[in-house]
Amino acid sequence: MTAKLIKGTEIREQILDEIAAEVEEIKAKHGVVPGLVTILVGENPASISYVTLKIKTAHRLGFKEVQDNQSDDIPEADLLALIDKYNNDDSINGILVQLPLPKHIDDKKVLNAIDPDKDVDGFHPVNVGRLMIGGDEVKFPPCTPAGIQEMIIRSGTETKGAEVVVVGRSNIVGKPIANMMLQKGMGANSTVTIVHTGTKDLKAHCLRADILIVAAGVPGLVKPEWIKSGACVIDVGVNRVGEKVSEKTGKKIAILKGDVDFDAAKEIAGAITPVPGGVGPMTITMLMKNTLKSLKFKLGLM
Ligand code: NAP
């Protein structure tokens, strides 16, 4: 059996087209567009490239995009004042502070200063609580888990009553996706197990999974013999395992591997995400979706 590939690159394009169409409609009816501010502190190359991609995507969708770059010696109090300014700016619906922040700044304090109704990353404790309650309470599901759920839904995988096993319990992936999949609602209503380094028999748990979501950060952790025949496998892991020269640009690029032994797993799974090109492209897409949602909440459209 060769599994169906769940391609994040294709699903991203579908969702971005849907967002762009909604932005056009809202602009025509209400004369406003979603506003996103990206706050970048310092010049960390990885952060610059993430922020650049976010800005490019926001422009493509017709958002108002404010790029606020600050030097890495900005005092914490000034950064908090900046967030307060955007909290009170009516044209801004989403505030994104790119992590990591310099050591002298307490990132918890900074993230908690963002107005929960503009916290499009979904990391504020208020939004974590809303996610836990579920249903209409949920405003901004965190972006990577939201992308994972969207991929499961769009791959046509049945989630109601499915055994979902999540490998990893981080606050940004494992815990929230587990919480989302157990809610009573569309694309969820599953029976969920979370496994981690304290789990006694990882293989036995994974083998029960109709949907196996792996977010451990350990290349090739999940072996083919851990996968139930026909299961839907979502590999969140992005692990740099070396470097190669790009055929396109001639530049050195990272060789990326997931947490699942992909080549062998695809012969057993029913559907599987590749790495790269699987979950990765979904995160920024869902950030844009959350920013649009923020405007829709404000306009009373949701
Ligand atoms: P994390 O904070 O390091 O958490 C990893 C989790 O996996 C922990 O709960 C850990 O268990 C568990 N784990 C690690 N090794 C394990 C093992 N051998 N057996 C069982 N459980 C194990 O990582 P994260 O932030 O969730 O990220 C996980 C992976 O997803 C990384 O490769 C990251 O790069 C990737 N990621 C991708 C995206 C994206 O594509 N957009 C976004 C976020 C993350 P303990 O709690 O017991 O230590």
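Residues numbered from 1 in each chain as written. Predicted model: local features only at pLDDT ≥ 70, side-chain atom pairs only at ≥ 80, totals over all residues. Heavy atoms only, no water.

## Quick word on the site of the ligand
By nearness alone, 20 residues border the ligand, and Arg-169, Ser-170, Thr-197, Val-238 and Thr-283 come closest of all. Between an oxygen atom of the ligand and a side-chain N or O atom of Arg-169, the distance comes to 2.8 Å. At a separation of 2.5 Å, an oxygen atom of the ligand approaches a polar side-chain atom of Ser-170. Across the complex, the protein chains shield 69% of the 920 Å² of accessible surface that the ligand would expose by itself. (Near = heavy atom within 4 Å. Polar contact = N/O pair within 3.5 Å; in protein donor to acceptor, adjacent residues only side chain to side chain. Areas by Shrake-Rupley, 256 points an atom, 1.4 Å probe, with all protein chains shown as cover.)

## What to know about the nonpolar core
Note on soluble globular proteins: their nonpolar side chains tend to be buried together. Residues Ile-19, Phe-63, Ile-148, Ile-213, Ile-234, Val-236 and Met-288 are the most contacted members of the largest nonpolar core, which totals 43 residues. Elements represented by at least two residues in this core include exactly helix 1 (8-30), helix 6 (143-154), strand 5 (163-167), helix 7 (174-182), strand 7 (211-214), strand 8 (232-235) and helix 10 (282-298). Dropping the residues within four chain positions of it, Ile-19 is found in contact with Leu-61, Phe-63, Thr-285, Met-288, Lys-289 and Leu-292. One finds Val-165, Val-167, Ala-209 and Ile-272 within the second-largest nonpolar core, a separate group that totals 19 residues. (Core = buried A, V, L, I, M, F, W, Y, C linked by side-chain atoms within 4.5 Å. Buried < 20%, exposed > 50% of the residue type's maximum accessible area, 1.4 Å probe, protein only. Helix = DSSP H or I, 4+ residues; strand = E, 2+ residues; numbered from the N terminus. Contact = heavy atoms within 4.5 Å.)

## Comments concerning the layout of surface pockets
There is about 1,900 Å³ of room inside the largest pocket. Every residue lining the largest pocket is counted, 50 residues in all, and those nearest its centre are Tyr-50, Leu-53, Gly-280, Thr-283 and Ile-284. Among the elements of the structure, helix 1, helix 2 (45-60), strand 4 (94-97), helix 6, strand 10 (252-257) and helix 10 are those that each provide at least two residues to the lining of the largest pocket. Sort the elements by how many residues they give to the lining of the largest pocket and helix 2 lands first, with ten residues. (1 Å grid on protein atoms, 1.4 Å probe; cavity = no way out; pocket = protein on both sides within 12 Å on 5 of 7 lines; lining within 4 Å. Points joined across faces, edges and corners; volume = space filled by probe spheres on them.)

## A word on the sheet that holds strand 4
Whenever strands of a sheet pair, they do so through backbone hydrogen bonds, lying parallel or antiparallel. Within the open sheet, the three strands sit side by side as 3-2-4. Their pairing is parallel. Among the strands making up the open sheet, the edge pair consists of strand 3 (64-70) and strand 4. Each neighbouring strand pair of the sheet contributes to a mean axis angle of 15 degrees, computed without reference to strand direction. Where strand 2 (residues 35-41) and strand 3 come together, seven bridges link them in parallel fashion. Looking across to strand 3, one finds that Val-37 is bridged to Val-66. Across the sheet, helix 2 lies against strand 2, strand 3 and strand 4, angled at about 165 degrees from strand 2, the strand it touches most. (Pairing = 2+ DSSP bridges. Axes fitted to C-alpha atoms, helices over the stretch in contact; angles between N-to-C directions.)

## Looking at the packing of helix 2 against helix 10
Contact geometry of helix 2 with helix 10 gives a least axis separation of 10 Å together with a crossing angle of 50 degrees. With respect to helix 10, the element helix 2 is oriented oblique. Helix-helix and strand crossings are classified by hand; for helix 2 and helix 10 the assignment is right-handed. Contacts from Tyr-50, Leu-53, Lys-54, Thr-57 and Ala-58 in helix 2 reach Ile-284, Leu-287 and Met-288 in helix 10. When grouped by side-chain class, the residues that make up the contact of helix 2 with helix 10 number six nonpolar, one polar and one charged. (Parallel < 35°, antiparallel > 145°, perpendicular 65-115°, else oblique. Left-handed = near helix turned anticlockwise from the far one by under 90°. Nonpolar A, V, L, I, M, F, W, Y, C, P; charged D, E, K, R; others polar.)

## Focus: the pattern of salt bridges
The tally for this structure, following the rule as stated, stands at 16 salt bridges. The shortest N-O distance in the salt bridge between Glu-18 and Arg-154 comes to 2.9 Å. In this pair, Glu-18 sits in helix 1 while Arg-154 sits in helix 6, placing the two residues 136 residues apart along the sequence. Under the relative-accessibility criterion, Arg-154 is labelled partly exposed at 28%. (Salt bridge = Lys/Arg side-chain N within 4 Å of Asp/Glu carboxyl O.)

## Observations concerning the packing of helix 6 against helix 7
Their axes nearest at 9 Å, the elements helix 6 and helix 7 cross at an angle of 45 degrees. Regarding the angle of helix 6 to helix 7, the classification is oblique. Viewed along their axes, helix 6 and helix 7 form a crossing whose handedness is right-handed. Of helix 7, the residues touching helix 6 (which contributes Pro-145, Ala-146, Ile-148, Gln-149 and Ile-152) are Pro-176, Ile-177, Met-180 and Met-181.

## Looking at empty space enclosed by the protein
Under the counting rule described, the total for this entry stands at one cavity of 30 Å³ or more. If you add up the space inside the largest cavity, you get close to 30 Å³. Forming the boundary of the largest cavity are Ile-95, Leu-96, Val-97, Leu-111, Ile-114, Asp-119, Asp-121 and Phe-123. In terms of residues, the lining of the largest cavity owes the most to one element, strand 4, which gives three residues. Of the residues assigned to the lining of the largest cavity, the class counts are six nonpolar, no polar and two charged.

## Some thoughts on the sheet that holds strand 11 (residues 271-272)
Strand order across the open sheet formed by six strands is 1-11-8-7-5-6, with parallel pairing between neighbours. The sheet terminates laterally at strand 1 (4-5) and strand 6 (191-195), the two strands that pair on one side only. Alignment of strand 8 against strand 11, held across two bridges, turns out to be parallel. What sits directly across from Val-233, in strand 11, is Ile-272.

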